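As a plain string of letters, each chain reads:
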Amino acid sequence: MSATENVGRFSPQPPSHIYSSSSSSSTKLTNLHMIRSSSHHNQWRHNYNLKQIFVPSSCPSLSVSNSQQLPLNQSVAAIVFGGGSDSELYPLTKTRSKGAIPIAANYRLIDAVISNCINSDITKIYAITQFNSTSLNSHLSRAYSGFGLGKDRFVEVIAAYQSLEDQGWFQGTADAIRRCLWVFEEFPVTEFIVLPGHHLYRMDYKTLIEEHRKSRADITIVGLSSVTDHDSGFGLMEVDSTNLVTRFTISPHKGQQDLVSVEIRTSRRSDGTSSRYVPSTGIYVIGREQMVKLLRECLVKAKDMASEIIPGAISQGMKVKAHMFDGYWEDVKSVGAYYRANMESIKRFYDRQFPLYTMPRCLPPSSMSEAVITDSIIGDGCILDRCVIRGSVVGMRTRIADEVIVEDSIIVGSDIYEMEEEVRKKGREKKIEIRIGIGEKSRIRRAIVDKNARIGKNVMIINRDNVEEGNREAEGYVIREGIIVILRNAVIPNNSII
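Described in the following lines is the structure provided in the data block. Everything quoted here is computed from the prediction, not taken from an experiment.

1. Digging into the overall build of the protein chain
Thought 1: Of regular secondary structure, the protein chain possesses ten helices and 35 strands.
Thought 2: Here the protein chain holds 498 residues, and 59% of them are scored as buried.
Thought 3: Within the protein chain, residue pairs in contact and separated by at least 24 positions form 69% of the contacts whose partners lie at least 6 positions apart.
Thought 4: In the structure as shown, the protein chain presents an accessible area of about 20,700 Å², 47% of it carried by carbon and sulfur atoms.

Structure, rendered in structure tokens:
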């Protein structure tokens, strides 16, 4: 399927329906489209051995060409990665990729990045997916299938594939882009913006692109002005007083301590100039010509953008600049980070000028019967009886029965409604006695309850023994960083205490 086919109409609307203690915003969602079919389901494999990079002696010098200052919707294309496997996010990534993880009741993580593109007038968006991508592919194709008035406004899903030339799956971010260049070349854009799909932040990419063009850089990398928890896989930049990146380092093993806890620090060189060390976000703006030459001519064996392409570009004398970002930014790379991001979403998802888009759903309004709700987000189509919800995120189609207390927790929601008569019928056939949702008199505190979980009556999910790490998958839950995670489709029997 080409990028000119099957594109619908884009009608921007306010973001989706959510409730909080202080306001209720109506938010409908917009969509876009396009799937390039291929199978996948392998994890990303990164190769950090720089010795394998091949740099021909005839590699041409690269110069910036920004003569055509076209609008961003014509001159820039976004390349969004759906996210690979990450053991720190398990079991949330047991059946889905990082970008497909639900967040803030109605959304998926990747919606934040796609929305940044739409709000920045970047309307040529390619989503590259591979690991556990069925859910993500379905969401992107359904959510954004109506985006655009013509062939130049789209979200196109490019699933991992094999060809006569390439028999294996994508070997890393650079390898994936190289093998998809034939798709990206369908439109004469001047820059690509490369984006991880599992970060939560709000950024106007117009400012980033303008700074990239004004500085006449070959590559611009977004760095963080301040951060305490940083993924070493995205690298650390040494930046001079003009924001020129003079050195880019990356740990060969993600999670290595020297790059995880990062403070912005300044040092004085022997020549009197100063430099500082800045963590990278993994967001890059790269000129089209530079991208093609790096991947096809200079670094033809490079597999990873952060560990190979960026250091290789600097060693080739390319102009690499840093763009500093000082807003809220969360790398959702662990269960703890996911928990924090949801808690932050309670107060950060209300910007009418910069709305968040996702898949439109024909769900009824949430029904609340004497429920007491404070400092929380409630998704569409929930049925809440005489319960108490404090500081929590409750996802779509959640059913919470009488006398339940939910505190500081994330209830992801469910895919279906299951009424009492259905449960009685299934109970006779399959001995199912517990409905999807949370049963009477249960209490949930500082926990994550994944989709379609069945919590019985009088269940206590409170981490009674203050366990930091625990694996009880056979019993339907694990504990990560002191947070109880109830697995998707798990059944927690009546009167259980966790």
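2. A word on helix α4 (residues 173–184)
Thought 1: Counted residue by residue, α4 has eleven buried out of twelve residues, so it is predominantly covered.
Thought 2: Buried within α4 are the following residues: T173, A174, D175, A176, I177, R178, R179, C180, L181, V183 and F184.

3. Section: the packing of aromatic side chains
Thought 1: Evaluated as defined, the whole model comprises five aromatic pairs.
Thought 2: Here F184 and F192 contribute two aromatic rings whose centre-to-centre distance is 5.8 Å and whose plane-to-plane angle is 55°, an arrangement assigned as tilted. For the pair F184 and F192, a shared accessibility class is recorded, and that class is buried.
Thought 3: Chaining the aromatic ring pairs together yields one cluster made of Y126, F154, F184, F187 and F192.
Thought 4: Residue placement shows R446 over the ring face of Y339; its charged tip is 5.3 Å from the ring centre.

4. Notes on the pairing of strand β7 (residues 124–129)
Thought 1: A large share of β7 lies buried, amounting to six of its six residues.
Thought 2: Every second residue of β7 is oriented toward a common face, with K124, Y126 and I128 on one face and I125, A127 and T129 on the other, all of them buried.
Thought 3: Examined bridge by bridge, strand β4 (residues 76–81) and β7 share four bridges and lie parallel to one another. Bridge assignment links V80 to a residue of β7, and that residue is A127.
Thought 4: Pairing between β7 and strand β8 (residues 154–159): six bridges, direction parallel. Across the sheet, the residue bridging to I125 is V155, located in β8.

5. Some details on the nonpolar core
Thought 1: Within the largest apolar cluster, 49 residues are counted, with the highest numbers of intra-cluster contacts made by Y338, I389, I400, I448, I455, I461 and I486.
Thought 2: Looking at this core, the elements with two or more residues in it are α2 (109–119), α9 (335–348), β26 (410–411), β29 (447–449), β33 (477–480) and β34 (483–486).
Thought 3: Not counting residues up to four positions away in its chain, the partners in contact with I455 are I434, R435, G437, I438, G439, S442, V449, I461, I486 and I492.
Thought 4: If you look at the next biggest cluster of nonpolar residues, it comprises 47 residues, including Y126, I177, C180 and A306.

6. Details of the packing of α2 against helix α3 (residues 134–143)
Thought 1: In the contact formed by α2 and α3, the axes pass within 11 Å of each other and the chain directions differ by 40°. Classified by the angle between their axes, α2 and α3 sit oblique to one another. Our pair here, α2 against α3, has a crossing hand that is right-handed. Packed against α2, whose contacting residues are I110, D111 and I114, the element α3 presents L136, H139 and L140 at the interface.
Thought 2: Partitioned by chemical class, the residues of the contact of α2 with α3 number four nonpolar, one polar and one charged.

7. What to know about the packing of α4 against helix α7 (residues 288–298)
Thought 1: Running from amino to carboxyl end, α4 crosses α7 at an angle of 125°, the nearest separation of the two axes being 10 Å. In this view, α4 runs oblique relative to α7, as classed from their interaxial angle. Read as a crossing pair, α4 and α7 show a hand that is left-handed. Along its contact with α4, which presents A174, I177, R178, L181, W182 and F184, the element α7 presents R288, M291, V292, L295 and R296.

8. Focus on the pattern of salt bridges
Thought 1: For the coordinates displayed, the defined rule picks out 16 salt bridges.
Thought 2: Note that D175 and R178 form a salt bridge whose closest N and O atoms lie 3.8 Å from each other. Of this pair, D175 and R178 both sit in helix α4, three residues apart, which is roughly one turn of that helix. As far as the burial class goes, D175 and R178 line up, both buried.

9. Observations regarding the side chain of T123
Thought 1: Take T123: it is sitting in the loop between α2 and β7.
Thought 2: Assessed through its relative accessible area of 1%, T123 is described here as buried.
Thought 3: Ignoring any residue separated from it by four or fewer positions in sequence, one finds T123 in contact with N73, F147, D152, R153 and F154.

10. Things to note about the sheet that holds strand β31 (residues 460–461)
Thought 1: Across the sheet, which stays open at both edges, the five strands sit in the order β19-β22-β25-β28-β31 with parallel pairing between neighbours. Two strands bound the open sheet, and with one partner strand each, they are β19 (372–374) and β31.
Thought 2: Bridging between strand β22 (residues 388–390) and strand β25 (residues 405–407) involves three bridges; their strand directions are parallel. Bridge assignment links I389 to a residue of β25, and that residue is V406.

Analysis parameters
- Residues numbered from 1 in each chain as written.
- Predicted model: local features only at pLDDT ≥ 70, side-chain atom pairs only at ≥ 80, totals over all residues.
- Heavy atoms only, no water.
- Helix = DSSP H or I, 4+ residues; strand = E, 2+ residues; numbered from the N terminus.
- Buried < 20%, exposed > 50% of the residue type's maximum accessible area, 1.4 Å probe, protein only.
- Contact = heavy atoms within 4.5 Å.
- Areas by Shrake-Rupley, 256 points an atom, 1.4 Å probe, with all protein chains shown as cover.
- Phe/Tyr/Trp six-rings, centres within 6.5 Å; stacked < 30°, edge-to-face > 60°.
- Lys NZ or Arg CZ within 6 Å of the ring centre and 35° of its normal.
- Pairing = 2+ DSSP bridges.
- Core = buried A, V, L, I, M, F, W, Y, C linked by side-chain atoms within 4.5 Å.
- Axes fitted to C-alpha atoms, helices over the stretch in contact; angles between N-to-C directions.
- Parallel < 35°, antiparallel > 145°, perpendicular 65-115°, else oblique.
- Left-handed = near helix turned anticlockwise from the far one by under 90°.
- Nonpolar A, V, L, I, M, F, W, Y, C, P; charged D, E, K, R; others polar.
- Salt bridge = Lys/Arg side-chain N within 4 Å of Asp/Glu carboxyl O.

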